[in-house]
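Geometric and topological summary
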Amino acid sequence: MTTTTPARGRRRAPSRMERAAGRAAAFQKPRVILALLLLLALTSVMLLDGYLRSEIGNDARVRDGAAYDKVPSRILDGGPLLTFDHGTATTQSVPDRTIVLTFDDGPTATWTPQVLKVLEENDVDATFFMVGSMISRYPGVVKSLVKQGNEVGIHTFTHVDLSYQSAARLQRELKQTQLALAGAAGVTTTLFRAPYSSEIDAVDNYSWPVYQEIGDLGYTSVFVDTDSDDWKKPGVSKIVRWATPKKNKGAIVLMHDAGGDRSQTISALGTYIKKMKAKGYTFTTVSGAQAMLNGNRSGVGRQSGSAGAGAGASAGAGIGGTGAAQAAQHQAAGTTLYEGRALVYAVAVAEWVVPALSWFLLVVGIAVMGRFGMMLVLARRHHRQRNRGRGKGGRGGGRFSWGPAVTRPVSVIVPAYNEKECIANTLRSLAKSTHPIEIVVVDDGSDDNTSEIAESLGMPNVRVVRQENAGKPAALNNGVRNARHDIVVMMDGDTVFEPDAVHQLVQPFADPEIGAVAGNAKVGNRTTLIGAWQHIEYVMGFNLDRRMYDLLRCMPTIPGAIGAFRRDAVLGVGGMSEDTLAEDTDITIALHRAGWRVVYQEHARAWTEAPGSLRQLWSQRYRWSYGTMQALWKHRQSLTDKGPSGRFGRVGMPLVVLFQIVTPVFAPLIDVFTGYSMIFVDFRAALLAWLAVLAVQLVCAAYAFRLDREKYRYLAMLPLQQLAYRQMMYLVLIHSCVTALTGGRLRWQKLKRTGEVGTPAGAGR
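Residues numbered from 1 in each chain as written. Predicted model: local features only at pLDDT ≥ 70, side-chain atom pairs only at ≥ 80, totals over all residues. Heavy atoms only, no water.

Bringing the overall build of the protein chain into the picture now. The secondary structure content of the protein chain amounts to 23 helices and 22 strands. The buried share of the protein chain, taken over its 765 residues, is 56%. With the model as given, the accessible surface of the protein chain reaches about 32,200 Å², and the carbon-plus-sulfur share is 56%. (Helix = DSSP H or I, 4+ residues; strand = E, 2+ residues; numbered from the N terminus. Buried < 20%, exposed > 50% of the residue type's maximum accessible area, 1.4 Å probe, protein only. Areas by Shrake-Rupley, 256 points an atom, 1.4 Å probe, with all protein chains shown as cover.)

Here it is, written out as structure tokens:
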């Protein structure tokens, strides 16, 4: 029998999705690019943070005991200030009774401000040789330090032994530290101290070329006369004693404001300054000492007993570095200043984003593990409850039953658009049904003879209803209107039912509270790699989830491939809506809100043809993900509803949002963190963590396969699925989120079918 649905006296206006289709198509590519750029930006932030923390590019090698026969003896016997004038090396020593306090490895937010406080209280300036990565992390400390009148020098960006590094790495270390200084305090400097350096007589054949190159770049290399060894934490008295030069000589004194607990350094500093002032010493900076050696003693430091003059000198220096005590500093300008600020801003973002993401991903990880545990517990309970007494003749605690057997005829609605490859297999499978049915094929404007093929089969219980192309929701609504029975089964035109699928599917309607039933959709074309991956996903992800949601009474989706509804319930909520791309999720939530119960019937099995290419898979899942978001947003009012509607809003919607949107959106970052840890942090620990998560997923998947009586051989694909397929699904979801946030709309898309899914007898068994 054939029926043609008229246009109801007027021309059908295009739906909102159809009107937006052209505009949406133009925006899809930019949204994909935007999604990828977002992931790239977050990866870049992680790499920057790792570089700052010496997890990337870190070289912990330190050279010791090398020969020094190629270093001129006059250098080895010279003073701690090394400069080069047109390639000629010169050293200088600090004048007698003069102290140049220097601090290495900072700044830090904890210890550097305490050092500055002690210096300020004692009217003393110092020179800080700072690590570029630390400067960029604590720019405010550096700005305060320079403004107070202290001097800054470079201690490389990542604190590496430069004798092991290439010339390019050397210049990069210097340039990046200068940029960090420019961004933090608006200055650059010509002072340099190499990491792991000490007195000048420790220069060897490997480090000497480095100092020559640095000198040719205009830097003054600053060594040490007296090392306090405060990093050893020997106690305040020893720090003071070891920092005191002998025989009233001048000295460049080394202390630290980073690298661990510096409380002893803070305690010793004030005592040391007072002791040396009492002995008539002057405190100055490196530039101040150089000015004194050149005969200029104006504004170079704080004389003992003349704090006012020293304070005036500091004030005169200011942040611009105009005083003699800061002569090595220069105002940053031009691209150096702006690049420096960009670096500091980028680091500030990384310093906030990475820890926040780390904590968030920890919460997500715990939630995912909790979900796995909850799925296993509830799925087991669901299986035991629904299969009680099955196969035992009703013995052993009573057979589970929905109520009196449902035997009355039902209507099966088959929406079809260009399904010539599949429609015959679909209808032949329905012809073998053990339950009395009528079949309503709704041809949605096909141009490939789909309806003719359906009619040519000559099946007496098949009616073909033709309509102009209006989309799947309209076709389903047309089928519901033409259905003769009070229960309607909806399926896809490419799906094949098992003989008892309809009978099993409608049995829950013995309970008058049940308004809809979700069946068990299986992947029929599972012989390919993509098909096998989807098979794992269907069994583990979809069906295991549905068992959990069934017990929680908040089933979010009845699969379009196999689902049954009370006809009155569907009409009562306005039918299948065109408001979203996920009409199956939309109608399911609407039924919950109308007070109906939705359940899962695992024994009603149907075999569907899954997408056979990555392009088709992306298209399908993109529509599913975006449509789910649309449906959740449409029914957001359920969050504040009471009764059954409120139950879905309080339980179902948060679970769907958390586990189907939020968790997958951030899951790529977990993989990025894992890869980052494997490469830059601890390969073994990261690999073990990844394998542990994989093991948990494998256990869940194996249990799901056991419940569905599937062959375990497909689980061999699971590790590869986690490495490739899962990443694609995450990108699809991110793409959908970007589309939703930018206000895009999509149209329902038709996938290419092959018709390879036939009679399911014995399949998957």
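For an α-helix the count is 3.6 residues per turn, leaving residues at separations of three or four pointing the same way. Judged by how many residues are buried, helix H19 (residues 583-593) sits mostly within the fold: 10 of 11 residues are covered. When H19 is considered as a whole, its buried residues turn out to be Glu583, Asp584, Thr585, Asp586, Ile587, Thr588, Ile589, Ala590, Leu591 and His592. Looking at the residues trailing H19, positive phi occurs at glycine 595, about 100°.

Another aspect to go through is the packing of aromatic side chains. Counting across every chain of the model gives 5 aromatic pairs. Taken together, a centroid distance of 5.0 Å and an interplanar angle of 20° make the contact between phenylalanine 103 and phenylalanine 128 stacked. On the criterion of sequence distance, the pair formed by phenylalanine 103 in strand S4 (residues 98-104) and phenylalanine 128 in strand S5 (residues 127-130) is long-range, its members being 25 residues apart. Here phenylalanine 103 matches phenylalanine 128 in class, with each residue buried. The ring of tyrosine 164 carries the charged tip of arginine 63 above its face, separated from the ring centre by 3.9 Å. Sitting over the face of the ring of tryptophan 633, arginine 636 holds its NZ or CZ atom 4.1 Å from the ring centroid. (Phe/Tyr/Trp six-rings, centres within 6.5 Å; stacked < 30°, edge-to-face > 60°. Lys NZ or Arg CZ within 6 Å of the ring centre and 35° of its normal.)

Turning next to the pairing of strand S18 (residues 487-491). Most of S18 is tucked away, with 5 of its 5 residues classed as buried. Residues Ile487, Val489 and Met491 of S18 are buried on one face, and the alternating residues Val488 and Met490, pointing to the opposite face, are buried as well. Pairing geometry for strand S15 (residues 410-416) and S18, over 3 bridges, is parallel. Each bridged residue has a counterpart across the sheet, and for isoleucine 413 the counterpart in S18 is methionine 490. Of the strand pairs in this sheet, S18 and strand S21 (residues 562-566) are connected by 5 bridges, and their pairing is antiparallel. (Pairing = 2+ DSSP bridges.)

Going from glycine 106 to proline 107, the amide bond is cis rather than trans, its omega being 0°. On the secondary structure map, proline 107 appears in the loop between S4 and helix H3 (111-121). Positive phi, normally seen in glycine, also occurs at tyrosine 196, with a value near 65°. Here tyrosine 196 lies in the loop between strand S8 (191-192) and helix H7 (208-216). A relative accessible area of 44% places tyrosine 196 in the partly exposed class. Residues other than glycine seldom take positive phi values, yet asparagine 449 does so here, at roughly 70°. Here asparagine 449 lies in the loop between strand S16 (437-444) and helix H14 (450-456).

These results come straight from atomic positions and should not be treated as a statement about function.
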